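# Per-entry structural report
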Amino acid sequence: MEWTLEVIPVPVTDMDRAKEFYAAKIGFKVDLDDEVAPGVRIIQLTPPGSRCSVALLKGMPTAPGTKTMEPGTLQGPQLCVTDIEAARRELADRGVDVSPIRHIGALGWEDGKGDTWNSFMSFEDPDGNGWVVQEAPSALSER
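Residues numbered from 1 in each chain as written. Predicted model: local features only at pLDDT ≥ 70, side-chain atom pairs only at ≥ 80, totals over all residues. Heavy atoms only, no water.

## Focus: the overall build of the chain
A count of helical and extended segments in the chain gives two helices and nine strands. Listing every helix and strand of the chain by position from the N terminus yields β-α-β-β-β-β-α-β-β-β-β. The C-alpha radius of gyration computed for the chain amounts to 16 Å, which stays within 12% of the reference 15 Å derived for 143 residues, consistent with globular compactness. C-alpha atoms of the chain, sized along the principal axes, occupy 50 × 40 × 25 Å. (Helix = DSSP H or I, 4+ residues; strand = E, 2+ residues; numbered from the N terminus. Rg over C-alpha atoms; globule rule 2.2 N^0.38 Å.)

So this is what it looks like as structure tokens:
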């Protein structure tokens, strides 16, 4: 049996502001923006080349046995790119406040690129949900 990660819910306060951020500033494709039931709006967006989407939710009841995430509490989902320097320039050019590129060194986080799989940067959405971007050695389809 395959277990595929396909959707990550992202808690936000303003659906339209978040949609604008993820689509225009980060470059995610808008797959769905719909009221799926009275008072329940879902905006689903997918990063270019990804098999996993994010879902911005409003009015969605909490699934049984789960906890509610407040806006800004999602921390650490990781995106991968094959050229972290180009990705950083692109985000900065779109007005995203993105961290410098860093790697894990002998004493912890150090500035600059590291070796394979060891180059990272981060950014936050307007609600403070934190994302990490890691440089991968090849596109997902080649791994």
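## Examining helix α1 (residues 15-25)
Taken as a whole, α1 has its buried residues at M15, A18, F21 and Y22. One face of α1 carries all of its buried residues, which in axial projection span an arc of 130°. On the buried face of α1, the contacting elements are β1 (7-10), β3 (40-46), β4 (53-58), β8 (120-124) and β9 (130-135). For α1, the N-terminal capping position is held by D14, with its side-chain oxygen 3.1 Å away from the main-chain nitrogen of D16. Positioned one or two residues after α1, G27 has a phi angle of 95°, which is positive. (Buried < 20%, exposed > 50% of the residue type's maximum accessible area, 1.4 Å probe, protein only. Arc of directions from axis to C-beta. Contact = heavy atoms within 4.5 Å. Polar contact = N/O pair within 3.5 Å; in protein donor to acceptor, adjacent residues only side chain to side chain.)

## Some words on the sheet that holds β1
Pairing in this open sheet of four strands is mixed, and the strands run β1-β4-β3-β2 from one edge to the other. At either end of the open sheet lies a strand with only one pairing partner, and these are β1 and β2 (29-37). The sheet shows a mean angle of 25° between the axes of neighbouring strands, direction not considered. As paired strands, β3 and β4 are joined by five bridges and run antiparallel to one another. Counterpart to R41 in the pairing with β4 is K58. Packing against the sheet, α1 makes contact with β1, β2, β3 and β4, and its axis sits at approximately 10° to β3. (Pairing = 2+ DSSP bridges. Axes fitted to C-alpha atoms, helices over the stretch in contact; angles between N-to-C directions.)

## A short note on the pattern of salt bridges
The tally for this structure, following the rule as stated, stands at eight salt bridges. The salt bridge partner of D31 is K29, with a shortest N-O separation of 3.1 Å. According to the relative accessible area criterion, K29 is exposed, its value standing at 54%. Each of the salt bridges in this network shares a partner with another, and the network as a whole consists of D16, K19, D33 and R41. (Salt bridge = Lys/Arg side-chain N within 4 Å of Asp/Glu carboxyl O.)

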